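Breakdown of the fold
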Amino acid sequence: MGITLGTKGARLNGPLVSPETGSVFAATRSIAFAGERVVLASMVGLRNIEGAQIPESVYDLISLDARTGEVKDRREVQAFGSVKVFATNEAHVIVSGRSVVRLTPDLKEAGTFDTRDVGNHWRVENISPDGSTLGNATRPGFELIDVRTLQARRLSDKTVSDTSVSSKAAVSDSPLWIRDYPKASSFVTLTDEFGQHLIFHGSCGGRPQFLRDDRILLAACKAARILDLSGATLKTIDSHEPVSFAGVSQNGSRFALQFSGRRERFVIYSVDSAEPIAEVAAEQAPQAQSWTAFSPDGTMIVVGSPQKLTLYRLP
């Protein structure tokens, strides 16, 4: 286990398992920075549970030294589905599987979100770009969870199928407005303390993602739009290739898009100007999208899969 420095960055060699890059959704929820560590969740198998209708997924949670690539700590986690890993704004990670747990960089437990009030009706799949807030779909209703205290506050009594959250709101691509706009195929609904608001409808929008509390990205088909909270388009990035979201830095300065043409590549942009800053690529072709994660200050990005991760230092 080691690290090789060079013009392409540092090579972090993970466990020899399947690439696990078949999901665009999982690409930004499988790996995260935590202080001087990089933490990833790699699926290693299935396990039958007595009384359960479906087997549970078993994951190897691994903490790597970001400087050397050495495996420092590991532990097993489980889920009836997928395990999600999120970077918090104080060098911890949140792991959402069968439970929602806050862990230190060396994978020691530092708190558990209490789901007793909602029973089985909870779903944590998103964290705010600044790393402060998780979204919890309680069906019905929606909560925002503080990552430090793991205390929830109610945002809405209505069902929210969130695609992203900020520290104050959630966005969704739910087609609940189709009767009002029958010719539209894409919608963005903002849910905040004042209710649910349609802020965008069109022909191709994709899954809306917060870049900051005041900026939302739509990346789909062959274009990406940056919207404000009213839905007004501030910047547009056109492409000749299919494009998808690939992460945002916690300081709100940079975001990445994946371009999946003949060869997968990632372009890092300024959130404010939408101008490109750098371009990187995974060394192995993904099934759908390679894993990516920014360092909190946006000066590094890790790209790859459990088989091979490359840490790029950005200008």
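Everything numeric in this text was worked out from a predicted model, so none of it was measured. (Residues numbered from 1 in each chain as written. Predicted model: local features only at pLDDT ≥ 70, side-chain atom pairs only at ≥ 80, totals over all residues. Heavy atoms only, no water.)

Side note on the overall build of the chain
Each helix and strand counted, the chain has one helix and 28 strands in total. Whereas a compact globule of 315 residues would reach a radius of gyration of roughly 20 Å, the chain reaches 19 Å, a difference of no more than 12%. Principal axes of the C-alpha set define a box for the chain whose edges measure 55 × 50 × 35 Å. Put simply, the chain has 315 residues, and 53% of those count as buried. Just so you have it, the chain exposes about 14,300 Å², and 48% of that area is on carbon and sulfur atoms. Looking at the chain, you have 35 positive and 35 negative side-chain charges, and the mean spots of the two groups are 4 Å apart. (Helix = DSSP H or I, 4+ residues; strand = E, 2+ residues; numbered from the N terminus. Rg over C-alpha atoms; globule rule 2.2 N^0.38 Å. Buried < 20%, exposed > 50% of the residue type's maximum accessible area, 1.4 Å probe, protein only. Areas by Shrake-Rupley, 256 points an atom, 1.4 Å probe, with all protein chains shown as cover. Lys, Arg positive; Asp, Glu negative; His and termini not counted. Charge placed at Lys NZ, Arg CZ, Asp CG, Glu CD.)

Quick word on the state of the cysteines
Applying the stated rule across the entire model yields one disulfide. Across the disulfide, cysteine 204 is cross-linked to cysteine 221 (sulfur-sulfur distance 1.7 Å). Measuring the twist about the S-S bond at about 90°, one finds the cysteine 204-cysteine 221 disulfide to be right-handed. In this pair, cysteine 204 sits in the loop between β17 (195-202) and β18 (209-212) while cysteine 221 sits in the loop between β19 (215-220) and β20 (223-227), placing the two residues 17 residues apart along the sequence. When its relative accessible area of 44% is taken as the criterion, cysteine 221 is described as partly exposed. (Disulfide = S-S within 2.5 Å.)

Here we look at the pairing of strand β14 (residues 162-165)
The pairing of β14 with strand β15 (residues 170-172) spans three bridges and is classified as antiparallel. Paired with aspartate 162 across the bridge in β15 is serine 172. Taking the residues between adjacent antiparallel strands as the criterion, β14 and β15 are bridged by four residues. (Pairing = 2+ DSSP bridges.)

Remarks on the nonpolar core
Counting 16 residues, the largest nonpolar core has Leu211, Leu217, Ile237, Phe255, Leu257 and Tyr269 as its most contacted members. Mapped by element, the contributors of at least two residues to this core are β19, β20, β22 (243-248), β23 (254-260) and β24 (264-270). Not counting the four nearest positions on each side in its chain, isoleucine 237 is found in contact with Lys222, Ala223, Ala224, Phe255, Leu257, Tyr269 and Ala274. The next biggest cluster of nonpolar side chains, apart from the first, holds 15 residues, and it includes Leu61, Val77, Ala79 and Val101. (Core = buried A, V, L, I, M, F, W, Y, C linked by side-chain atoms within 4.5 Å. Contact = heavy atoms within 4.5 Å.)

Here we look at the side chain of asparagine 136
By the secondary structure assignment, asparagine 136 is in strand β11 (residues 133-137). A relative accessible area of 0% means that asparagine 136 is categorised as buried. Look past the residues within four positions of asparagine 136 in its chain and what remains in contact with it is Phe113, Trp122, Arg123, Val124, Gly141, Phe142, Glu143 and Ile145.

What to know about unusual backbone geometry
Put simply, arginine 139 and proline 140 share a cis peptide bond, and its omega is -5°. Position of proline 140 among the secondary structure elements: in the loop between β11 and β12 (142-146). Residue leucine 150 is not a glycine yet carries a positive backbone phi of 55°. With respect to the element layout, leucine 150 can be found in the loop between β12 and β13 (152-156). One non-glycine residue, cysteine 221, adopts positive backbone phi at about 55°.

Thoughts on the pairing of strand β9 (residues 109-112)
Alignment of strand β8 (residues 100-103) against β9, held across two bridges, turns out to be antiparallel. Note that in β9 the partner of valine 101 across the bridge is threonine 112. Here β8 folds back onto β9, and the loop between the two strands holds five residues, one of which, leucine 107, carries a positive phi near 70°.

A few points about the environment of alanine 52
Within the secondary structure, alanine 52 is located in the loop between β3 (37-47) and β4 (56-65). Judged by its relative accessible area of 32%, alanine 52 falls in the partly exposed class. C-alpha of alanine 52 to C-alpha of phenylalanine 80: the two residues are 28 residues apart in sequence and 9.4 Å apart in space.

Quick look at the sheet that holds β18
Pairing within the open sheet is antiparallel, and its four strands lie in the order β18-β19-β20-β21. A single partner strand is all that each edge strand has here, and the edge strands are β18 and β21 (233-238). Mean inter-strand twist for the sheet, computed between neighbouring axes without regard to direction, equals 25°. Summarising the sheet, β20 and β21 pair through five bridges and their orientation is antiparallel. Counterpart to alanine 224 in the pairing with β21 is isoleucine 237. (Axes fitted to C-alpha atoms, helices over the stretch in contact; angles between N-to-C directions.)

Considering the confidence of the model for the chain
Caution applies to low-pLDDT parts of the model: their predicted coordinates are not meant to be read in detail. Residues with a pLDDT of 70 or more make up 94% of the chain, whose mean pLDDT is 90. Segment residues 1-10: pLDDT under 50, and 26 contacts once partners within four positions in sequence are set aside and those in other chains are kept. Scored below 50 in pLDDT, residues 12-17 makes 23 contacts in the model with residues more than four places away or belonging to other chains. (pLDDT = per-residue confidence, 0-100.)

A word on the sheet that holds β4
Pairing between the strands of a sheet is mediated by backbone hydrogen bonds and can be parallel or antiparallel. With respect to topology, four strands assemble into an open sheet ordered β2-β3-β4-β5, the strand pairing being antiparallel. The open sheet has two edge strands, β2 (31-34) and β5 (71-79), and neither has a second partner. Within the sheet, the average angular offset between the axes of one strand and its neighbour, ignoring direction, is 25°. Pairing of β2 with β3 involves four bridges; the strand directions are antiparallel. Within the sheet, the bridge partner assigned to alanine 32 lies in β3 and is valine 39.

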